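# Summary of structural features
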Amino acid sequence: MKNLFGILFLFAAVSCDLLTTRNPEKPDTLASTVIPATTPDILFGNLKSSIESKIVENYLLCFVDSSFSKKKFRLVPSSGSTLQFPVLSSWGLDSEQQYFKNQKAVSKPGNSITFELTNKFITQFGDSAVYQYDYNLTLSSNDQLISGSYKGTAQFKISLDSRKQWVITEIDDYKKENFATWSELKGRLY
């Protein structure tokens, strides 16, 4: 009887391929390239790379987290964009996450998003600061209503959280000439 159980176990193990190793599976997401934002320059480098590489988790790490700060994220949309997209008037981190997921979904595969920050102007307040940049976000999509360049000026209010990492607490978006703004892109993709 003992031999019968041994033979059955051996047969089951061989037939089910239990004793062989399998090839490792590829991860569902790209590897994290976020560096702890111990300086504002690292924070904005992380923001740029997360947008261009379309990694939602990395993008969200650039924003204030209630686990590490009492501050809440706030978006001050560009002038006129709230009239077009009323959802922008009550925008929060959940809205920001949904927008970014939708942006990733509509963008073409590969390097279809570029995000440039130029003309930096800084106002420092110790553990908080305001970084003002001119931005150009270019998105390539099969949807022609979404594809194109979004340009403006953004004031990023940033602060140190309890981990001593810089995070974005507010974005004030300003229209530049007749270009569509980042706020308008957020409204379109929400």
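A few points on the structure. Here the residue numbering is sequential within each chain, running from 1 through the sequence in written order. Note on the predicted model: pLDDT of at least 70 is required for a residue's local features to be given, and 80 or more for side-chain atom pairs to be given and counted; whole-chain, interface and lining totals, by contrast, use all residues. Derived side-chain values reflect all non-hydrogen atoms in the structure, with water molecules and hydrogen atoms excluded from consideration.

Working definition: helices are DSSP H or I runs of at least four residues, strands are E runs of at least two. Numbering for both runs from the N terminus. Looking only at helices and strands, the protein features 6 helices and 5 strands. The secondary structure elements of the protein, listed N-terminal to C-terminal, are α-α-α-β-α-α-β-β-β-β-α. In these tables, accessible area is a Shrake-Rupley quantity obtained with a 1.4 Å probe, and a residue counts as shielded only by the protein chains included in the view. Entry remark: accessible area of the protein is about 11,400 Å², with carbon and sulfur atoms responsible for 56%.

On to the layout of surface pockets. The gaps left among the atoms become clear once a water-sized probe is rolled over them. Within this scheme a cavity is a closed region of a 1 Å grid, computed over the protein atoms alone, that accommodates a 1.4 Å probe without allowing it to escape, whereas a pocket is open but has protein on both sides within 12 Å along at least five of seven lines; lining residues each have an atom within 4 Å of a point. Grid points are joined across faces, edges and corners, and a volume is the space filled by probe spheres set on the points. Each pocket or cavity is described by its volume, and for the largest pocket that value is around 190 Å³. Around the largest pocket sit Leu60, Leu61, Phe63, Val64, Asp65, Phe68, Leu93, Asp94, Gln97 and Arg163, which together line it. Ranked by residues supplied to the lining of the largest pocket, first place goes to helix α5 (residues 93-106) with 3 residues.

Turning next to helix α6 (residues 182-189). Given 3.6 residues per helical turn, the α-helix brings residues three or four places apart onto the same face. For every residue, the accessible area (1.4 Å probe, protein chains only) is compared with the maximum for its type, and the residue is labelled buried under 20%, exposed over 50%, or partly exposed between those bounds. Burial of α6 is extensive: 7 of the 8 residues sit out of reach of the surface. Buried residues of α6: Trp182, Ser183, Glu184, Leu185, Lys186, Gly187 and Leu189, and no others.

It is worth spelling out the packing of aromatic side chains at this point. Two aromatic rings, drawn from Phe, Tyr or Trp (for Trp, its six-membered ring), form a pair once their centres lie within 6.5 Å of each other, and the interplanar angle then sorts them: stacked below 30 degrees, edge-to-face above 60, tilted otherwise. Going through the model one piece at a time under the given rule, you end up with 13 aromatic pairs. Ring geometry for tyrosine 59 and phenylalanine 63: centres 5.1 Å apart, planes at 65°, overall edge-to-face. A centroid spacing of 5.0 Å and a plane angle of 80° characterise the contact between phenylalanine 63 and phenylalanine 73, whose relative ring orientation is edge-to-face. Placement of phenylalanine 63 in the loop between α3 (56-60) and β1 (74-76) and of phenylalanine 73 in the loop between α3 and β1 is noted, with a sequence separation of 10 residues between them. Both residues of the pair, phenylalanine 63 and phenylalanine 73, count as buried. When the NZ atom of lysine or the CZ atom of arginine is within 6 Å of a ring's centre and also within 35 degrees of its normal, the charge is said to sit over that ring. Of note, arginine 163 hangs over the ring of phenylalanine 68, and the distance from its end group to the ring centre comes to 4.0 Å.

Such coordinate-based values are descriptive only and should not be taken to indicate function.
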